[in-house]
Amino acid sequence: MNNYYMTNHSKVVNPRDILFIDGERTYPMGSDNSRRWMELSIIDGTGASVFHDYFYPGVEIGYRFSKKGLTDELLMFKPTFESRWLDIKHHLKGKHIVAWAMHLEKAHFPEELAFCPRLHCAQERFSPLVGDYSIYYGNYRSIGMWDAFDMLGLPQPPGHRHRAATDTMAMLMIWNWLEETQISNLLLSSRPGNGPIHYN
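Before going into details, it helps to say that this report is about the structure given with it. (Residues numbered from 1 in each chain as written. Predicted model: local features only at pLDDT ≥ 70, side-chain atom pairs only at ≥ 80, totals over all residues. Heavy atoms only, no water.)

1. What to know about the packing of aromatic side chains
- Here the structure, examined in full by the defined rule, presents 14 aromatic pairs.
- On the numbers, 5.1 Å between centres and 70 degrees between planes, the contact of tryptophan 37 with phenylalanine 109 is edge-to-face. Residue tryptophan 37 is located in strand E4 (residues 37–44), and its partner phenylalanine 109 is located in the loop between helix H3 (102–105) and strand E7 (118–121); the two are separated by 72 residues in the primary sequence.
- Under the relative-accessibility criterion, tryptophan 37 is labelled buried at 7%.
- An angle of 75 degrees between the planes, with centres 6.1 Å apart, marks the rings of phenylalanine 81 and phenylalanine 109 as edge-to-face. Of this pair, phenylalanine 81 sits in helix H2 (residues 81–92) while phenylalanine 109 is found in the loop between H3 and E7, placing the two residues 28 residues apart along the sequence.
- Owing to a relative accessible area of 4%, phenylalanine 81 belongs among the buried residues under this scheme.
- The ring of tryptophan 37 carries the charged tip of arginine 25 above its face, separated from the ring centre by 4.7 Å.
- Geometry around tryptophan 175 places arginine 125 over its ring, the cationic atom sitting 4.5 Å from the centre. (Phe/Tyr/Trp six-rings, centres within 6.5 Å; stacked < 30°, edge-to-face > 60°. Helix = DSSP H or I, 4+ residues; strand = E, 2+ residues; numbered from the N terminus. Buried < 20%, exposed > 50% of the residue type's maximum accessible area, 1.4 Å probe, protein only. Lys NZ or Arg CZ within 6 Å of the ring centre and 35° of its normal.)

So this is what it looks like as structure tokens:
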């Protein structure tokens, strides 16, 4: 897996301090009509798993998510998200956090991840490259993560699409592509005597 450093105005962030997150939640269900956690995956910028677990959502999900491999049999004896929150927060605190649609993802976490120094939206970074610009809304049409992945022709990571563990790895692959193709890197690689940029 690529090992890169996020840079901005000469400030360097170690790839192990950049975490990619994705969660699977139910549709609005139960007496409170809320979306309930079923799975969370966190990997760092090297592709190493930092946290992965399944959660009991507190309601029966039947066959609604069986295409993803998420079933009552898998989840019924798992801990709740709330019971694991302090451990999850320990992993996230002080890190740069990347999610595909950060404005949506952070809403499902306590404190909306306000204890992290920086939140990054991969969708906002990718969409201007291919999305149509809307004069009315003043921004670009949002691109779905797997649509972006397929546009780039990247090799499929192991696992089910739209499962947290698979999605975080796909997101990292897209992010690596964005890092490799950003203008500063392309200009550097085009200078005389410089070959293509390689990541260890």
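2. Focus: the packing of helix H4 (residues 122–130) against helix H6 (residues 164–181)
- Viewed as axis vectors pointing N to C, H4 and H6 meet at an angle of 55 degrees, and their least axial separation amounts to 11 Å. Considered as vectors, H4 and H6 are oriented oblique to each other. Both H4 and H6 take part in a crossing whose hand is left-handed. Each of Ala122, Arg125, Phe126 and Leu129 in H4 lies in contact with H6, whose residues at this interface are Met171, Ile174, Trp175, Trp177, Leu178 and Glu179.
- Residue composition of the contact of H4 with H6, by class: eight nonpolar, no polar and two charged. (Axes fitted to C-alpha atoms, helices over the stretch in contact; angles between N-to-C directions. Parallel < 35°, antiparallel > 145°, perpendicular 65-115°, else oblique. Left-handed = near helix turned anticlockwise from the far one by under 90°. Contact = heavy atoms within 4.5 Å. Nonpolar A, V, L, I, M, F, W, Y, C, P; charged D, E, K, R; others polar.)

3. A short note on the sheet that holds E4
- Spatially, five strands are ordered E5-E4-E3-E6-E7 in an open sheet, and the strand pairing comes out mixed. Looking at strand neighbours, the two that pair on one side only are strand E5 (49–54) and E7, the edges of this open sheet. Ignoring strand direction, the axes of neighbouring strands in this sheet form an average angle of 20 degrees.
- Inspection of the sheet shows strand E3 (residues 18–25) paired to strand E6 (residues 96–99) by three bridges, in the parallel sense. When the bridges of E6 are listed, isoleucine 18 appears paired with histidine 96.
- Strands E6 and E7 of the sheet are contacted by H4, whose axis makes an angle of about 35 degrees with E7.
- Relative to the sheet, H6 contacts E3, E4, E5, E6 and E7, its axis offset from that of E3 by approximately 140 degrees. (Pairing = 2+ DSSP bridges.)

4. Re the pattern of salt bridges
- This model, assessed by the stated rule, comprises 12 salt bridges.
- As a salt-bridge pair, lysine 68 and glutamate 24 come within 2.7 Å of each other at their nearest N and O atoms. With a gap of 44 residues between them, lysine 68 in the loop between E5 and helix H1 (72–75) and glutamate 24 in strand E3 connect regions that are remote in the sequence.
- On the basis of relative accessible area, glutamate 24 is assigned to the buried category, the value being 6%.
- Connected through shared salt-bridge partners, Asp53, Arg84 and Asp87 make up one network. (Salt bridge = Lys/Arg side-chain N within 4 Å of Asp/Glu carboxyl O.)

5. With respect to the pairing of E4
- Among the eight residues that make up E4, eight are buried, leaving the element largely enclosed by the rest of the structure.
- Looking at chain direction, E3 and E4 are connected through seven bridges and run antiparallel. Each bridged residue has a counterpart across the sheet, and for leucine 19 the counterpart in E4 is aspartate 44.
- Where E4 and E5 come together, five bridges link them in antiparallel fashion. The partner of serine 41 across the bridge, within E5, is histidine 52.
- Where E4 folds back on E5, the antiparallel hairpin that results is connected by four residues, among which glycine 47 adopts a positive phi of roughly 95 degrees.

Read these as geometric descriptors, not functional statements.
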